[in-house]
Amino acid sequence: MVDWLYFVHSNSEYHDLMSFLLDGKDFSGISYYVFSEVVESEDGRAFHTSSGYLLAVNFLSHATNLEAKLERVGLDSKSLVDLYKIVCEDDDNPLTRVLTITEGSEFFIFDKKLEKFVVDKHFRFSDGSALSIPLICRKHRL
């Protein structure tokens, strides 16, 4: 099982991702990280904040060819990163990796808590859209 982060860049992308995850049988443990600084992956990709925040959906999966599955539904596989491939201060120490991720972010399990956070912080994605919780989330995760 791989612990994934998918960095979201718009409200419509968030809706598409949640539909993909909640309609599939290969995904579990969905939660959210909101970072307040640039996040880098070990392969050199950098994910930048918008208005000081960066939303990542965290989930577990056994799915093979996940990148291809994302592309088939119109999602950007370049936004997908193994949680344990995030750059941290001391790559040899697993505890440091966990601290890098948790101390540099807000963590949410419930959609309503995420929604309250983004409203309180006046968060907007880089395309100017505001986050809204899709109906599929409200049905699956009350």
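As a starting point, this report considers the structure included with it.

Each value, and the rule that gives it
- Residue positions within a chain follow its written sequence, with the count starting from 1.
- Where totals are concerned, whole chains, interfaces and linings use all residues; where local detail is concerned, this predicted model gives features only for residues with pLDDT of at least 70, and gives and counts side-chain atom pairs only at 80 or more.
- With hydrogens and water set aside, each side-chain value is computed from the structure's full complement of heavy atoms.
- Each helix is a run of DSSP H or I of at least 4 residues and each strand a run of E of at least 2, with the numbering of both proceeding from the N terminus.
- Working rule for helices: expected span equals 1.5 Å times residues minus one.
- Exposure is judged per residue with a 1.4 Å probe applied to protein chains only, and the accessible area is read against the type maximum: over 50% gives exposed, under 20% gives buried, and values in between give partly exposed.
- Only when DSSP finds a minimum of two bridges between them are two strands counted as paired.
- In the analysis that follows, any N or O atom pair within 3.5 Å is treated as a polar contact, provided that within protein one partner can donate a hydrogen and the other can accept it, and provided that, for residues neighboring in sequence, both atoms belong to side chains.
- Contact criterion: two residues are considered in contact whenever any of their non-hydrogen atoms come within 4.5 Å of each other.
- Salt bridge criterion: a side-chain nitrogen from Lys or Arg within 4 Å of a carboxyl oxygen from Asp or Glu.
- This arc is taken over the directions from the axis of the helix to the C-beta atoms.
- As used here, the term nonpolar core means buried Ala, Val, Leu, Ile, Met, Phe, Trp, Tyr and Cys residues forming a set that is joined through side-chain atoms within 4.5 Å.

## Topic: helix α1 (residues 11-23)
Then comes step 1: End to end, α1 covers 18 Å across 13 residues, agreeing with the expected 18 Å (1.5 Å per residue, within 8%).
Then comes step 2: Residues N11, E13, Y14, L17, M18, F20, L21 and L22 constitute the buried set of α1.

## A word on the pairing of strand β2 (residues 27-35)
Then comes step 1: Counting buried residues along β2, seven of its nine residues qualify, which places the element largely inside the surrounding structure.
Then comes step 2: In the sheet, β2 pairs with strand β5 (residues 54-61) via seven bridges, with the strands oriented antiparallel. Looking at the pairing, S31 lines up with N58 of β5.
Then comes step 3: Direction of pairing for β2 relative to strand β7 (residues 105-108): antiparallel, over a ladder of four bridges. Bridging across to β7, F35 finds its partner in S105.

## Points about the side chain of S10
Then comes step 1: If you trace the backbone, S10 turns up in the loop between β1 (2-8) and α1.
Then comes step 2: The exposure class assigned to S10 is buried, which follows from its relative accessible area of 10%.
Then comes step 3: Engagement of the side chain of S10 in a polar contact is seen with the side chain of S12, the distance being 3.3 Å.
Then comes step 4: With residues near it in sequence (within four places) discarded, S10 still touches F125, D127 and S129.

## A word on the pattern of salt bridges
It is possible for side chains of opposite charge to pair when their charged atoms get near one another.
Then comes step 1: Evaluated as defined, the whole model comprises three salt bridges.
Then comes step 2: Ionic pairing is found between D26 and K69, a salt bridge with its closest N-O pair at 3.4 Å. One end of the pair, D26, is in the loop between α1 and β2; the other, K69, is in helix α2 (residues 66-72), with 43 residues separating them in the sequence.
Then comes step 3: Judged by relative accessible area, D26 falls into the partly exposed class, the value being 36%.
Then comes step 4: A relative accessible area of 23% means that K69 is categorised as partly exposed.
Then comes step 5: In this structure, R45 and D43 form a salt bridge, with 3.0 Å as the shortest nitrogen-oxygen distance.

## Some thoughts on helix α4 (residues 111-120)
Then comes step 1: Taken together, the buried positions of α4 are occupied by D111, L114, F117 and V118. In an axial view of α4, the angular spread of the buried residues amounts to 125°, which keeps them on one side of the axis. Along α4, the residues that are exposed and aim more than 90 degrees away from the buried face are K112, K113, K116 and V119.

## As for the nonpolar core
Then comes step 1: Core analysis: the largest hydrophobic core is formed by 32 residues, its most contacted members being Y14, V57 and F59.
Then comes step 2: Elements represented by at least two residues in this core include exactly β1, α1, β2, β5, α2, α4 and α5 (135-140).
Then comes step 3: Sort the elements by how many residues they give to this core and α1 lands first, with six residues.
Then comes step 4: Not counting the four nearest positions on each side in its chain, V57 is found in contact with W4, L5, Y6, V8, Y14, L17, M18, L21, I30, S31 and Y32.
Then comes step 5: By size, the runner-up hydrophobic cluster in this structure holds 12 residues, among which are Y33, F35, L54 and I86.

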